[in-house]
Amino acid sequence: MWILHTRDGGRVWQPLAELDVRALWFVNERVGFAVGNYSSVFRTTDGGATWTPCDGLARAIARPEGLPDAILTFTHAQFLDEQRGWVAGNFVGRGIVRPGGVFATSDSGTTW
């Protein structure tokens, strides 16, 4: 899935990055977060030219009982500033969807 960018109010769109994401949230022109499948959370500090995974969250999440192969898909992200924000999503597995929760960070996604 491509993240697209425009500089002219939406008349022309350019590919910016190819990430498997479901939601984006930019706190300013340079810093933004992207969330998606497989517990993925990414951070950019250069307006989206490059994206760095925030791996601490994926390691901290326990799979729900009875769904050991469930995939946590984040579908929402919201940040107050470059440091503080939240992501939310659901576990999906074998035709079942279960709430995954809301996770908060206060250090730009290093810990959750």
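Think of each chain on its own: its residues are numbered from 1, step by step along the sequence as written. At least 70 in pLDDT is required for a residue's local features to be given in this predicted model, at least 80 for side-chain atom pairs to be given and counted, and no such filter applies to totals for whole chains, interfaces and linings, which use all residues. Side-chain metrics rest on all non-hydrogen atoms present in the structure, leaving aside hydrogens and water.

### Points about the overall build of the protein chain
Note the following rule: Only DSSP runs of H or I with at least four residues qualify as helices, and only runs of E with at least two residues qualify as strands; both kinds are numbered from the N terminus onward. For the radius of gyration, the atoms used are the C-alpha atoms, and the globule rule reads 2.2 Å times the number of residues raised to 0.38. With a 1.4 Å probe rolled over the protein chains alone, any residue whose accessible area is under 20% of its type maximum counts as buried; one over 50% counts as exposed, and the rest are partly exposed. Note on contacts: a residue pair qualifies if any of its non-hydrogen atoms lie within 4.5 Å across the two residues. Reported accessibility uses the Shrake-Rupley method at a 1.4 Å probe radius. Residues are deemed covered only where the shown protein chains occlude them. When charges are tallied, Lys and Arg are placed among the positive residues and Asp and Glu among the negative ones, while His and the ends of the chain are skipped. Charge placement uses NZ in Lys and CZ in Arg. For Asp and Glu, CG and CD serve respectively.
When its secondary structure is counted, the protein chain shows 1 helix and 9 strands. Walking the protein chain from its N terminus toward its C terminus, one meets helices and strands in the order β-β-β-β-β-β-α-β-β-β. Relative to the 2.2 N^0.38 estimate, which gives 13 Å for 112 residues, the radius of gyration of the protein chain is 15 Å and therefore close to what a compact globule would have. C-alpha extents for the protein chain along the principal axes are approximately 50 × 30 × 20 Å. Within the span of the protein chain, comprising 112 residues, buried residues form 39% of the whole. A fraction of 34% describes how many contacts in the protein chain between residues 6 or more apart in sequence connect residues 24 or more apart. Element-wise, carbon and sulfur atoms account for 52% of the exposed surface of the protein chain, whose accessible area totals about 6700 Å². Side-chain charges of the protein chain comprise 10 positive and 11 negative groups, with the mean position of each set lying 3 Å from the other.

### Details of the sheet that holds strand 8 (residues 85–93)
For the record, the criterion: Strand pairing requires that DSSP identify at least two bridges connecting the strands. Axis definition: a line fit to C-alpha positions, over the contact stretch in the case of helices; interaxial angles, taken between N-to-C directions, run 0 to 180 degrees.
Pairing in this open sheet of 3 strands is antiparallel, and the strands run 7-8-9 from one edge to the other. Two strands lie at the open edges of the sheet, namely strand 7 (71–79) and strand 9 (96–105), each paired on one side alone. Recorded for the sheet is a direction-independent mean angle of 20 degrees between the axes of neighbouring strands.

### Structural notes on the packing of aromatic side chains
Under the convention used in this document: The pairing test for Phe, Tyr and Trp rings, Trp by its six-membered ring, is centres within 6.5 Å, and the orientation test on the planes gives stacked under 30 degrees, edge-to-face over 60, and tilted for anything in between.
Summed over the entire model, instances satisfying the criterion amount to 3 aromatic pairs. Measuring from centroid to centroid gives 6.0 Å for F26 and W51, while their planes differ by 80 degrees, and the two rings are edge-to-face. Highlighted residues: F26 in strand 3 (residues 21–26) and W51 in the loop between strand 5 (41–44) and strand 6 (52–53), separated in sequence by 25 residues. The class for W51 is buried, based on a relative accessible area of 13%. Here the aromatic rings of F33 and F79 are separated by 3.7 Å at their centres, their planes lie at 0 degrees, and the arrangement is stacked. Remark: F79 occurs in strand 7 and F33 occurs in strand 4 (residues 32–36); sequence separation between them is 46 residues. Across this residue pair, the class does not change: F33 and F79 are buried.

### A closer look at the nonpolar core
Across soluble globular proteins, you tend to see nonpolar side chains buried next to one another. How we decide: By convention a nonpolar core is built from buried Ala, Val, Leu, Ile, Met, Phe, Trp, Tyr and Cys residues, the set being connected through side-chain atoms within 4.5 Å.
V35, L57, I61, F74, V87 and F103 are the most contacted members of the largest nonpolar core, which totals 17 residues. Mapped onto this core, the elements with two or more residues apiece are strand 4, strand 7 and strand 8. Take this core: its biggest share by element is 4 residues, from strand 7. Filtering out sequence-adjacent residues up to four positions away, V87 remains in contact with V35, L57, F74, H76, A77, G101, V102, F103 and W112. A17, L19, A34 and W51 belong to the second-largest nonpolar core, a separate cluster that totals 7 residues.

### Concerning the sheet that holds strand 5
Strand pairing within a sheet occurs via backbone hydrogen bonds; the two strands may be parallel or antiparallel. The strand order across the open sheet built from 4 strands is 3-4-5-6, with neighbouring strands paired in antiparallel fashion. Two strands in the sheet have a free side with no partner beyond their single neighbour: strand 3 and strand 6. Inspection of the sheet shows strand 3 paired to strand 4 by 5 bridges, in the antiparallel sense. When the sheet's bridge partners are listed, W25 is paired in strand 4 with F33.

### Notes on the environment of G109
Take G109: it is sitting in the segment after strand 9. Residues G109 and L57, 52 residues apart in the sequence, show an inter-C-alpha distance of 7.8 Å.

### Side note on the pairing of strand 2 (residues 13–18)
The side chains of a regular strand alternate, first on one face of the sheet and then on the other. Pairing analysis gives 5 bridges linking strand 1 (residues 2–6) to strand 2, with the strands arranged antiparallel. Bridge pairing in strand 2 links T6 to W13.

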